[in-house]
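Listed below, chain by chain, are the residues.
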Amino acid sequence: MNLCDIKTVKSLMDTFSLRFRKEFGQNFLTNPMIVGDIADAAADSAESTILEIGPGIGTLTRELCARYANVVSVEIDRGLIPVLTYTLNDFHNVKVVNEDVMKADLAALLAPYFGKGPVSVCANLPYYITTPILMRLLESGLPFRSITVMIQSEVADRLAARAGTAAYGAITAVLNYYGTAERLFKVSAGNFLPPPKVDSAVVQIRLYAQKPLVPRDEALFFRTVRAAFEQRRKTLPNALSAGFPELSKEQCVALVEAAGHRADIRGERLNTADFVALSDLIAAEIAK
Ligand code: SAM
């Protein structure tokens, strides 16, 4: 079954009375080379379990099933479940779950697989919800080895950006707390049915088994990053005083200087370690 063949895709959609649902970000991959490359990159061990988000009609799912021990695919669109039952019926290592990945109990869903081999995430993500899905996966605290995802090219740039560059943002600083991101390759819009409005890229996040940075107060670390980027054009002390009403402007200047920065620095110049150090000072100041 060639699910990258446009005629096959259209005929399946007709047979199962389906339409491409824009509200679910349904842009299906139609280039077998790209599908194969993503599946190859998803994990380095054949013993792996792969959590796939949004299998669509099963194009990437089939390639994952062929390479890895187990595949768990979470699909929000109930209408796609009968097609998936049909397109995946020759694989016995796949479990398809009809749920919204933002609400699913991922820990319970993956409990049978953790401890049996590495667990990684692989997906051609729905673009309307890319960042919330990535944040949910990272914040879940689940021991994923890696997350390999197709996302908008611009978001891929942001994830892999260095501090101080225009693409660097709150998501970069937070992501680097959990692991490192690498942009693997670009994919143009013509490789999807229907084609999305923007180009895409595949990014791989490798999660730390043991996080190298341990903030004194994790929630306060996230709050510090958010404050710095919510007022991106302001100097860091001004951005902090807007985000921490309990601190005076003078205290914010003193904290930024105590962390080893000039008072006119902007938050976008700080890397994750800088934010952890700064948030530790803020935590100590607030606790006084
Ligand atoms: N994996 C297929 C492929 O590569 O051709 C389809 C990818 S398509 C970009 C995104 C898929 O995610 C769709 O099947 C869509 O229905 C599904 N989806 C959208 N929002 C979702 C959510 N919140 N939870 C689970 N699946 C979702």
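Residues numbered from 1 in each chain as written. Predicted model: local features only at pLDDT ≥ 70, side-chain atom pairs only at ≥ 80, totals over all residues. Heavy atoms only, no water.

Trainee: It is not clear to me how helix α12 (residues 272-287) should be interpreted in this structure. Could you clarify?
Mentor: Spacing of three or four residues puts side chains on the same side of an α-helix, whose turn is 3.6 residues. Over its 16 residues, α12 runs 22 Å from end to end, which matches the ideal 22 Å to within 8%, given 1.5 Å per residue. All of the buried residues in α12 are Thr272, Phe275, Val276, Leu278, Ser279, Ile282, Ala283 and Glu285. (Helix = DSSP H or I, 4+ residues; strand = E, 2+ residues; numbered from the N terminus. Expected span 1.5 Å × (residues − 1). Buried < 20%, exposed > 50% of the residue type's maximum accessible area, 1.4 Å probe, protein only.)

Trainee: Is there a simple way to think about the site of the ligand in this case?
Mentor: Residues in close proximity to the ligand total 22 residues, the closest being Gly54, Glu75, Asp100, Asn124 and Tyr128. Here Gly54 contributes a backbone N or O atom positioned 2.8 Å from a nitrogen atom of the ligand. At a separation of 3.2 Å, an oxygen atom of the ligand approaches a polar backbone atom of Gly56. When each cavity is represented as a set of grid points, the ligand is found to reside in the largest cavity. Elements that contribute at least two residues to the shell around the ligand include exactly β1 (28-29) and β3 (70-75). Taken together, the residues that form the shell around the ligand break down as 11 nonpolar, six polar and five charged. (Near = heavy atom within 4 Å. Polar contact = N/O pair within 3.5 Å; in protein donor to acceptor, adjacent residues only side chain to side chain. 1 Å grid on protein atoms, 1.4 Å probe; cavity = no way out; pocket = protein on both sides within 12 Å on 5 of 7 lines; lining within 4 Å. Sits in = over half its atoms within 2 Å of the grid points. Nonpolar A, V, L, I, M, F, W, Y, C, P; charged D, E, K, R; others polar.)

Trainee: Please clarify how the state of the cysteines should be interpreted in this entry.
Mentor: Note: disulfide means a covalent bond formed between the sulfur atoms of two cysteine side chains. The tally for this structure, following the rule as stated, stands at zero disulfides. Free cysteine Cys4: the closest other cysteine sulfur is in Cys122, separated by 13 Å. Accessibility expressed as a relative area gives 10% for Cys4, which makes it buried. (Disulfide = S-S within 2.5 Å.)

Trainee: I keep staring at the packing of aromatic side chains and nothing clicks. Help me out?
Mentor: Working definition: an aromatic ring pair is given by the centre-to-centre distance plus the angle between the planes. Tallied over the entire structure, the rule returns 10 aromatic pairs. Their ring planes at 65 degrees and their centres at 5.8 Å tell us that Tyr168 and Phe229 sit as a pair that is edge-to-face. Here the residue Tyr168 occupies a position in the loop between α7 (153-159) and α8 (170-178), and Phe229 occupies one in helix α9 (residues 218-230), the gap between them amounting to 61 residues. Across the pair, Phe229 and Tyr168 agree in class, each one buried. Between Tyr177 and Phe221, the aromatic rings sit 4.9 Å apart at their centres with planes inclined by 45 degrees, giving tilted as the arrangement. Residue Tyr177 is found in helix α8, and its partner Phe221 is found in helix α9; the two are separated by 44 residues along the sequence. Assigned by exposure class, Tyr177 and Phe221 land together as buried. One aromatic cluster in this structure is built from Tyr177, Tyr178, Phe221 and Phe222. (Phe/Tyr/Trp six-rings, centres within 6.5 Å; stacked < 30°, edge-to-face > 60°.)

Trainee: Honestly, the pattern of salt bridges in this entry has me stumped. Any pointers?
Mentor: Two side chains bearing opposite charge may form a pair once their charged atoms approach each other closely. Within the structure shown, the criterion is met by 14 salt bridges. As a salt-bridge pair, Arg158 and Glu154 come within 3.3 Å of each other at their nearest N and O atoms. Placement of the pair is Arg158 and Glu154 together in helix α7, with a separation of four residues, close to one helical turn. Among the ionic pairs, Glu285 bridges to Lys288, the shortest N-O distance being 3.1 Å. Taking relative accessible area as the criterion, Lys288 reaches 77% and is therefore assigned exposed. Ionic contacts of the salt-bridge type, sharing partners, join the residues Arg21, Glu23 and Asp77 into one network. (Salt bridge = Lys/Arg side-chain N within 4 Å of Asp/Glu carboxyl O.)

Trainee: Could you clarify how one ought to interpret the domain arrangement of the protein chain in this entry?
Mentor: Bring the parts together and some accessible area is lost; that lost area is often taken as the interface size. The assigned domain composition of the protein chain is domain 1 (6-207) and domain 2 (218-287). Between the C-alpha centres of domain 1 and domain 2 there is a distance of 34 Å. If you look at the interface, domain 1 gives 13 residues, while domain 2 gives 12 residues. In this assembly, domain 1 packs against domain 2 so that about 980 Å² is buried in total across both faces, 62% of it on carbon and sulfur atoms. For the domain 1 face of the interface with domain 2, the top three residues by lost area are Gly164, Tyr168 and Tyr177, together amounting to 46%. Viewed at the interface, domain 2 and domain 1 are joined by zero salt bridges. A per-class count over the side of domain 1 that touches domain 2 returns eight nonpolar, five polar and no charged. (Domains from an automatic or database assignment. Contact = heavy atoms within 4.5 Å. Buried area = accessible area lost by both parts, 1.4 Å probe.)

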